[in-house]
Amino acid sequence: MKDVARAPDDALEVYGTRLSSRLFVGTSMYDSPAILADAVRASACEVVTVSLRREAGGSRAGGSFWDLIKSMNVRVLPNTAGCKTVKEAVTTAQMAREVFDTPWIKLEVIGEDDTLQPDVFGLVEAARILSEDGFEVFPYTTEDLVVAEKLLGAGCKVLMPWGAPIGSGRGLNNVFGLKAMRAHFPDVPLVVDAGIGAPSHAAQALEMGYDAVLLNTAIAKAGDAVAMAHAFKLAVAAGREAWLATPMEPRDMAAPSTPVFGVAFR
Amino acid sequence: MQVQVIGAGIVGLTAAFELARRGADVSLYERRPGPGLGCSYYAGGMISPWCERQAAEPIVTELGIEALDFWTKTLPVATIKGSLVVAPPRDRADVVSFSKRTSEFEECDSRRIGEIEPDLADRFPYGLYFPREAHLEPRDATAALGKALAQLPNVTLRYSTEATASEKFDFTLDCRGFAAKPVLPDLRGVKGEMLVLRTKDVSLARPIRMLHPRRPVYIVPRTDPHEFMVGASMVENEEPGRITARSMMELLGSAYTICPAFAEAEIVEVGGDVRPTYPDNLPRLTLRDRTLAINGLYRHGFLLAPALAARAADVVMKGAHFPELMQ
């Protein structure tokens with residue numbers, strides 16, 4: 001039995017909401033909203049994340065696209081993608097709460113334009129402000145344990161460390177760090193967010209005990225987004241089942257531990 | 001046959017032109033004071049059916065190929081110089097994915113890119129050259145259509161005139177673009193922003209597309225050899241006529257990356273509008289009684305308008321049905 005708390009039906013519980021899918025899907029960069037809707041269906045995900053900062057313009061003019069998202073009948077996790085300061089992120093979160101009528105916010109405070117890695121100092125500050133204001137914050141962070149601790153202190157009840165830089169498709173760059181994070185926070189829902197490029201990366205995250213993965217480009221920019229969405233659904237389910245089944249420990253054959261004396265089966 | 005066409009953007013102009021050529025009496029109404037002053041005004045004018053396949057369904061390529069003939073023979077305002085797709089070294093992956101989804105190109109190394117566009121010599125290690133593609137100056141094209149229509153005896157042009165579908169006509173073509181949203185509720189606006197740079201330090205003979213994981217940009221040379229259109233953002237936002245500082249920085253940054261000599265160029269224009277778009281990003285002909293709406297050309301106005309005009313004329317004059325566009 002794992003020491004990670006889990007419900008008998010294996011639902012994922014985040015901020016009191018039970019989810020049966022462990023795949024969160026982003027909504028950017030699809031060839032069309034119609035393909036996005038098909039991909040979301042094929043992925044069987046229950047949560048999609050939507051950016052608002054740039055789309056809002058001066059008069060919340062992203063309305064038609066947001067209506068399309070709402071019509072997909074999945075839970076919306078608005079995000080603050082593109083925000084570089086605490087103030088921008090807080091303002092965008094407040095708008096998102098109104099537009100999508102949800103306390104959930106995927107908090108991104110971007111610290112570096114090129115790699116899009118989080119500004120963890122701004123992230124902690126924004127997380128505190130938003131949590132105090134009643135938001136349920138999903139922070140996009142690194143695998144840094146100290147930052148993770150501070151985010152929990154700021155009121156976050158979910159952590160979303162990156163696998164690799166956003167859009168890079170490189171998979172889990174720091175497996176050791178991610179394993180340490182899992183071991184350190186056995187009772188906190190952990191979601192690998194960003195960097196997933198292939199279904200095998202997603203399966204790997206779940207096999208390591210991560211509770212879910214969040215990805216966008218890997219599906220949106222696949223040659224066939226809908227088929228790839230389905231592939232991710234299968235990979236996430238496989239990874240989760242593998243974790244629950246307790247994978248075997250790999251054996252190191254390079255260092256013989258048994259005496260060679262009397263070996264019968266050469 | 002008396003046909004009313006509402007809207008003198010690229011869709012209304014090509015539809016009116018096609019109907020008039022086939023002998024219909026056409027009355028074209030436009031609320032603005034001249035042809036091509038809506039979102040067509042801000043178009044790039046790339047007639048690139050193969051490049052566009054990168055993010056569009058096959059039908060866009062199929063219909064788009066027809067535009068090459070229209071813009072080089074029927075109304076010859078385009079030049080076939082091909083188009084060039086490049087990416088900085090670190091974004092090679094984007095060139096590879098682009099090549100997987102497109103066809104009719106030649107793979108280029110740095111030397112070959114320099115042969116095609118000398119000003120890009122030694123700037124990009126990889127590229128794709130699509131030799132059969134064309135480009136045009138959208139404002140010249142809409143003006144030429146306006147002029148051609150004005151010379152036809154069976155065409156009446158009414159600019160600065162609001163119109164609604166009228167019983168006086170045998171048929172009405174609704175070509176109003178995003179303004180038709182009240183009757184075509186599926187439409188959404190996808191904002192595009194552009195700017196025009198002027199410099200004598202850069203020479204480009206053909207459209208250049210620079211790939212980037214988040215903000216691909218193209219530069220299209222204009223009729224004036226010293227002017228270059230840089231475009232275009234793609235934002236799920238319905239606010240016309242306003243360019244954000246971020247978009248401007250991105251467009252300028254990309255232009256500078258393509259050719260550093262743009263740094264000293266004069267910014268002669270900034271602008272933007274919204275592209276009328278259906279949820280599948282594909283065009284649609286919507287027939288209701290005796291009104292046919294042509295809409296949803298998204299970022300493919302000049303590429304798709306000739307083929308859609310021909311099909312719309314078939315619907316109006318022969319009762320034709322095109323399931324791939326009308327379901």
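Residues numbered from 1 in each chain as written. Chains lettered and ligands numbered in written order. Predicted model: local features only at pLDDT ≥ 70, side-chain atom pairs only at ≥ 80, totals over all residues. Heavy atoms only, no water.

Draft legend 1. Representation of the overall build of chain B. When its secondary structure is counted, chain B shows eight helices and 17 strands. Radius of gyration (C-alpha) of chain B: 20 Å, near the 20 Å computed for a compact globule of 327 residues. When its C-alpha atoms are laid out on the principal axes, chain B stretches across 60 × 35 × 35 Å. Here chain B holds 327 residues, and 57% of them are scored as buried. Taking as baseline every contact in chain B between residues at least 6 positions apart, the subset at least 24 positions apart corresponds to 76%. Counting only carbon and sulfur atoms, one obtains 50% of the accessible surface of chain B, whose full area is about 13300 Å². If the 39 positive side-chain charges of chain B are averaged to one point and the 42 negative ones to another, these points end up 1 Å apart. (Helix = DSSP H or I, 4+ residues; strand = E, 2+ residues; numbered from the N terminus. Rg over C-alpha atoms; globule rule 2.2 N^0.38 Å. Buried < 20%, exposed > 50% of the residue type's maximum accessible area, 1.4 Å probe, protein only. Contact = heavy atoms within 4.5 Å. Areas by Shrake-Rupley, 256 points an atom, 1.4 Å probe, with all protein chains shown as cover. Lys, Arg positive; Asp, Glu negative; His and termini not counted. Charge placed at Lys NZ, Arg CZ, Asp CG, Glu CD.)

Draft legend 2. Region of interest: the interface of chain A and chain B. The interface is formed by 25 residues belonging to chain A together with 24 residues belonging to chain B. Between chain A and chain B the total buried area reaches about 1900 Å² when both faces are included, carbon and sulfur atoms providing 43% of it. Our count for the contact surface shared by chain A and chain B stands at two salt bridges. Measuring nitrogen to oxygen at the nearest pair gives 2.8 Å for the salt bridge that ties Arg90 of chain B to Asp114 of chain A. For the pair chain A and chain B, the number of links is seven residue pairs in polar contact (both at pLDDT 80 or more). Elements with a contribution of two residues or more to the side of chain A that touches chain B: helix 1 (33-43) and helix 2 (63-70) of chain A. A breakdown of the residues in the side of chain A that touches chain B according to their chemical character gives 10 nonpolar, eight polar and seven charged. (Buried area = accessible area lost by both parts, 1.4 Å probe. Salt bridge = Lys/Arg side-chain N within 4 Å of Asp/Glu carboxyl O. Polar contact = N/O pair within 3.5 Å; in protein donor to acceptor, adjacent residues only side chain to side chain. Nonpolar A, V, L, I, M, F, W, Y, C, P; charged D, E, K, R; others polar.)

Draft legend 3. Focus on the sheet that holds strand 3 (residues 46-47) of chain B. In spatial order, the strands read 3-8-4 (chain B); together these three strands make up an open sheet with antiparallel pairing. In the strand order of this sheet, the two ends are held by strand 3 and strand 4 (79-80) of chain B, each with one partner. (Pairing = 2+ DSSP bridges.)

Draft legend 4. Fine view of the pattern of salt bridges. Residue and element names in this part refer to chain B. Enumeration over the complete set of coordinates arrives at 36 salt bridges over all chains. In this structure, Arg311 engages Glu66 in a salt bridge whose closest nitrogen and oxygen atoms are separated by 2.6 Å. With Arg311 in helix 7 (residues 301-318) and Glu66 in helix 2 (residues 58-74), this pair connects stretches of sequence that are 245 residues apart. For Glu66, a relative accessible area of 33% puts it in the partly exposed group. A salt bridge links Asp91 to Arg90; its shortest N-O distance comes to 3.9 Å. For Arg90, a relative accessible area of 58% translates into the label exposed. Salt bridges sharing partners connect three or more residues here, namely Glu18, Arg21, Arg22, Asp314 and Lys318.

Draft legend 5. Spatial organisation of helix 9 (residues 225-244) of chain A. All names here are of chain A. Helix length check: helix 9 (20 residues) gives 29 Å between terminal C-alpha atoms against 28 Å at 1.5 Å per residue, within 8%. Residues of helix 9 that are buried include every one of Ala225, Ala229, Phe232, Ala235, Val236, Gly239, Arg240 and Trp243, and no others. Down the axis, helix 9 shows its buried residues gathered within 130° of arc, on one side only. Residues of helix 9 that are buried make contact with strand 3 (23-26), helix 1, helix 7 (199-207), strand 10 (212-215) and helix 8 (217-220). Of the residues flanking the end of helix 9, it is Thr246, one or two places downstream, whose phi is positive at about 60°. (Expected span 1.5 Å × (residues − 1). Arc of directions from axis to C-beta.)

Draft legend 6. Just the pairing of strand 2 (residues 25-29) of chain B, in detail. All names here are of chain B. In terms of burial, strand 2 is a largely internal element, four of the five residues being buried. The pairing of strand 1 (residues 2-6) with strand 2 spans five bridges and is parallel. Among the inter-strand pairings, Gln2 is bridged to a residue of strand 2, identified as Asp25. With helix 1 (residues 10-21) bridging strand 1 and its parallel neighbour strand 2, the resulting β-α-β unit is right-handed. Note that strand 2 and strand 9 (residues 155-158) share four bridges and pair parallel. Residue pairing across strands places Val26 opposite Val155, the latter belonging to strand 9. (Right-handed = clockwise from strand over helix to strand, strands pointing away.)

Draft legend 7. Molecular detail of the packing of helix 1 of chain B against helix 2 of chain B. Residue and element names in this part refer to chain B. Closest axis-to-axis distance for the helix 1/helix 2 pair is 14 Å, and the angle between their directions is 70°. Between helix 1 and helix 2, the angle falls in the class roughly perpendicular. Residues Ile10, Thr14, Phe17 and Arg21 of helix 1 lie in contact with helix 2, whose contacting residues are Phe70, Trp71 and Thr74. (Axes fitted to C-alpha atoms, helices over the stretch in contact; angles between N-to-C directions. Parallel < 35°, antiparallel > 145°, perpendicular 65-115°, else oblique.)

Draft legend 8. Up close: the side chain of Gln4 of chain B. Residues and elements named next belong to chain B. Mapping Gln4 onto the fold places it in strand 1. Residue Gln4 is classed as buried on the basis of its relative accessible area of 2%. Within the structure, Gln4 has its side chain in polar contact with the backbone nitrogen of Ser166 (distance 3.1 Å). Reaching out from Gln4, the side chain makes a polar contact with the side chain of Thr172 at a distance of 2.8 Å. If we skip the residues at most four places from it in the chain, Gln4 touches Ser27, Tyr29, Ala163, Thr164, Ala165, Ser166, Phe169, Phe171, Thr172 and Leu173.

Draft legend 9. Layout of the packing of aromatic side chains. Residues and elements named next belong to chain B. Using the criterion set out here, one finds 11 aromatic pairs over all chains in the structure. Centroid distance Phe17 to Phe70: 5.9 Å. Interplanar angle 90°. Geometry classified as edge-to-face. Residue Phe17 is located in helix 1, and its partner Phe70 is located in helix 2; the two are separated by 53 residues in the primary sequence. In terms of burial, Phe17 and Phe70 fall into one category: buried. Through a chain of ring-to-ring contacts, the aromatic side chains of Phe17, Phe70, Trp71 and Phe302 assemble into a single cluster. (Phe/Tyr/Trp six-rings, centres within 6.5 Å; stacked < 30°, edge-to-face > 60°.)

Draft legend 10. Focus on the environment of Leu303 of chain B. All names here are of chain B. Relative to the assigned elements, Leu303 resides in helix 7. Of the residues examined, Leu303 reaches a relative accessible area of 2% and is grouped as buried. Along the chain, Leu303 and Leu63 lie 240 residues apart, while their C-alpha atoms are 7.9 Å from each other. For Leu303, the contacting residues outside a window of four places in its chain are Met46, Ile47, Ser48, Pro49, Glu52, Val60, Leu63, Gly64 and Ala67.

Draft legend 11. Region of interest: the pairing of strand 5 (residues 75-79) of chain A. All names here are of chain A. Across the five residues of strand 5, four count as buried, placing the element largely inside the fold. The sheet contact formed by strand 4 (residues 47-51) and strand 5 spans five bridges and is parallel. For Thr49, the partnering residue across the bridge sits in strand 5 and is Leu77.

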